[in-house]
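# Fold and contact review
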Amino acid sequence: MSWNPVRKLITLGAGLTVAATALGAPPAAAAAPPEGAYWHTRSVTTIAHPWRFGTKPDSYALLQRRVSERWSAPDGRQWYGYRELGVRPATEADQKAWQRDGSPAKWSRSIDGKVVKLSTEPSKGHVNRLYRERNQFQFAGQWLTYDEVQRLPADPNRLKDWLTKAGQVFGISDASMNSWLSSSLPLLLHTIPAPREVRAAAYQALLTLPGVRAGGDTKDTLGRTGAAVVIESSSGTGKKASTAKQTLIVDTGRMVLLSEGRTVTVGGKAFAAKSYTETLVAVGWTDAGPAVPALP
């Protein structure tokens, strides 16, 4: 679950810092020192490939898997690592159809002739430096320093107010503001090194939004227990009606995201290409530097 601003608001960092101060974030408090060399996240994402393979009478679906990592130094330098983990049949029935197809290890075309480049083998992966021109953290359309991240509001209502003002500066309309808040608040649970108190405020604020509800305790794909947060939305009517259900699982002790899953239906039918599961294998401080993501 990651989000990037569509444009860089180079001149707005100071303005939003003033807004944060007005909303109650302590303006002169000393920022808590980092607990490691990098704020680090590692996630494994699984998504259904949109096309089918094999033969039309006996087709099968494939799942794509990838691992991504991000390292953010307190001075704002950032790196991103990515690696494809290889595809696999989506279900047990797909597994049998794949075996009847000769258990191929590579695909160049789908049943309908669409060109693809898929393999059951992992890729070599890569790691690259991000945002070389700005050593700052991106959040809610803003460029923030480490100290500014530490001073984000730790009160749920003030945090929502800050994000609303950030959205207004960024050009978010009133009609879209709730969606802006429900997509921005979860990012504080993993993407930037916000203090635990700010992450807790984000979790509490999220549960106050329309279309968001607590889903009780549950387990993620790694068997870790957390609190589910369900975010539901819908649009369109009739055959074009679509619904999206996003389920977050949050470790409410550490106040970090464990996983995020999204399911989409269009016209009452599952839309696999827009559905995915992302498991946050690691969120927190580390001294281990950027490197090509290791295989799970």
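Keep in mind that this is a model prediction, so the values were computed, not measured.

Cut-offs and rules
Every chain's residues receive numbers from 1 upward, in the order its sequence appears when written. The predicted origin of the model limits local features to residues at a pLDDT of at least 70 and limits the giving and counting of side-chain atom pairs to 80 or more, whereas totals for whole chains, interfaces and linings rest on all residues. Heavy atoms from the whole structure form the basis of all side-chain values; hydrogens and water molecules are not counted. Here, axes are lines fitted to C-alpha atoms. For helices the fit covers the stretch in contact, and angles between N-to-C directions go from 0 to 180 degrees. Only DSSP runs of H or I with at least four residues qualify as helices, and only runs of E with at least two residues qualify as strands; both kinds are numbered from the N terminus onward. Angle categories are assigned with fixed cut-offs, so that under 35 degrees is roughly parallel, over 145 is roughly antiparallel, 65 to 115 is roughly perpendicular, and the rest are oblique. Less than a right angle of anticlockwise turn of the near helix away from the far helix marks a crossing as left-handed, whereas a clockwise turn marks it as right-handed. By the convention used here, residues are in contact when the closest approach between their heavy atoms is within 4.5 Å. The residue classification treats Ala, Val, Leu, Ile, Met, Phe, Trp, Tyr, Cys and Pro as nonpolar and Asp, Glu, Lys and Arg as charged. All others, Gly included, are polar. Any Lys or Arg side-chain nitrogen found within 4 Å of a carboxyl oxygen on Asp or Glu counts as a salt bridge. For the exposure calls, accessible area comes from a 1.4 Å probe over protein chains only, and a residue counts as buried if that area is under 20% of its type's maximum, exposed if over 50%, partly exposed in between. The criterion for strand pairing is that DSSP finds at least two bridges linking the strands in question. Definition of nonpolar core: a set of buried residues of the types Ala, Val, Leu, Ile, Met, Phe, Trp, Tyr and Cys, connected through side-chain atoms within 4.5 Å. Each pair of aromatic rings taken from Phe, Tyr and Trp, with Trp reduced to its six-membered ring, is defined by centres within 6.5 Å and is described as stacked if the planes are under 30 degrees apart, edge-to-face if over 60, and tilted in the remaining cases. Note on criteria: charge over ring means Lys NZ or Arg CZ within 6 Å of the ring centre, with the direction from the centre no more than 35 degrees off the ring normal.

This part is about the packing of helix α4 (residues 156–170) against helix α5 (residues 177–184). The contact between α4 and α5 brings their axes to 10 Å, and the two run at 120 degrees. By the angle between their axes, α4 is oblique relative to α5. The chirality of how α4 crosses α5 is right-handed. Judged by residue contacts, K160, L163, T164, A166, G167, Q168 and F170 of α4 engage M177, W180, L181 and S184 from α5. Residue composition of the contact of α4 with α5, by class: six nonpolar, four polar and one charged.

For the rest of this paragraph, the subject is the pattern of salt bridges. Applying the stated criterion across every chain, the model contains eight salt bridges. The partner of R52 in a salt bridge is D94, and the shortest N-O contact between them spans 3.7 Å. Taken together, the positions of R52 in strand β1 (residues 38–55) and D94 in helix α2 (residues 92–100) put the pair 42 residues apart, joining distant regions of the chain. Overall, R52 belongs to the partly exposed group, its relative accessible area being 39%.

Relative to the assigned elements, T279 resides in strand β15 (residues 276–286). Overall, T279 belongs to the buried group, its relative accessible area being 5%. For T279, the contacting residues outside a window of four places in its chain are R42, S43, V44, D220, T221, L222, R224, L258 and S259.

Attention now moves to the pairing of strand β6 (residues 115–119). Bridge count for strand β5 (residues 106–109) against β6 is three bridges, and the pairing is antiparallel. Note that in β6 the partner of K106 across the bridge is S119. Connecting β5 to the antiparallel partner β6 that follows it, the hairpin turn spans five residues, and G113 within it adopts a positive phi of roughly 85 degrees.

This part is about the packing of α4 against helix α6 (residues 196–206). Running from N to C, α4 and α6 cross one another at 85 degrees; their axes reach a closest spacing of 8 Å. By the angle between their directions, the pair α4 and α6 is classed as roughly perpendicular. Across the interface between the two elements, P156, L159 and K160 from α4 touch V198, A201, A202, Q204 and A205 from α6. When the residues that make up the contact of α4 with α6 are grouped by side-chain class, the tally is six nonpolar, one polar and one charged.

Quick look at the pairing of strand β12 (residues 242–251) now. Bridge analysis of strand β11 (residues 225–235) against β12 gives nine bridges, and the strand direction is antiparallel. What sits directly across from I231, in β12, is Q246. Taking the residues between adjacent antiparallel strands as the criterion, β11 and β12 are bridged by six residues, where G236 takes a positive phi near 75 degrees. Of the pairings in the sheet, the one linking β12 to strand β13 (residues 256–266) comprises ten bridges and is antiparallel in character.

Moving on, we come to the environment of R88. Position of R88 relative to the elements: it lies in strand β4 (residues 88–89). For the pair R88 and L63, spaced 25 residues apart in sequence, the C-alpha to C-alpha distance is 5.4 Å. The residues touching R88, leaving out its near neighbours within four places in the chain, are A61, L62, L63 and R65.

Across soluble globular proteins, you tend to see nonpolar side chains buried next to one another. Among the nonpolar cores identified, the biggest contains 41 residues, and F139, L163 and L188 are the most heavily contacted of them. Considering each element in turn, this core owes the most residues, seven residues, to α6. Counting nine residues, the second largest nonpolar core, distinct from the first, contains F53, Y60, L62 and V116.

Taken together, the buried positions of α5 are occupied by M177, W180, L181, S182 and S184. Buried residues in α5 make contact with β8 (137–139), α4, α6 and β11.

Attention now moves to α6. Counting buried residues in α6 gives eight out of eleven residues, a clear majority hidden from the surface. Among all positions of α6, only V198, R199, A200, A201, A202, Y203, A205 and L206 are buried.

Turning our attention to the packing of aromatic side chains. The description of an aromatic ring pair uses the distance of the two centres, along with the angle that the planes make with each other. Scanning the model with the defined rule gives eight aromatic pairs in all. Between the aromatic rings of Y38 and W79, the centroid separation amounts to 5.8 Å while the plane-to-plane angle is 85 degrees, which identifies the pairing as edge-to-face. Of the two residues, Y38 sits in strand β1 while W79 sits in strand β3 (residues 78–84), which places them 41 residues apart along the sequence. For the pair Y38 and W79, one class covers both residues: buried. The structure contains a cluster of three or more aromatic residues connected by ring pairs, namely W39, Y146 and W285. The lysine or arginine in question, R129, covers the ring of W79, its NZ or CZ lying 5.5 Å from the ring centre.

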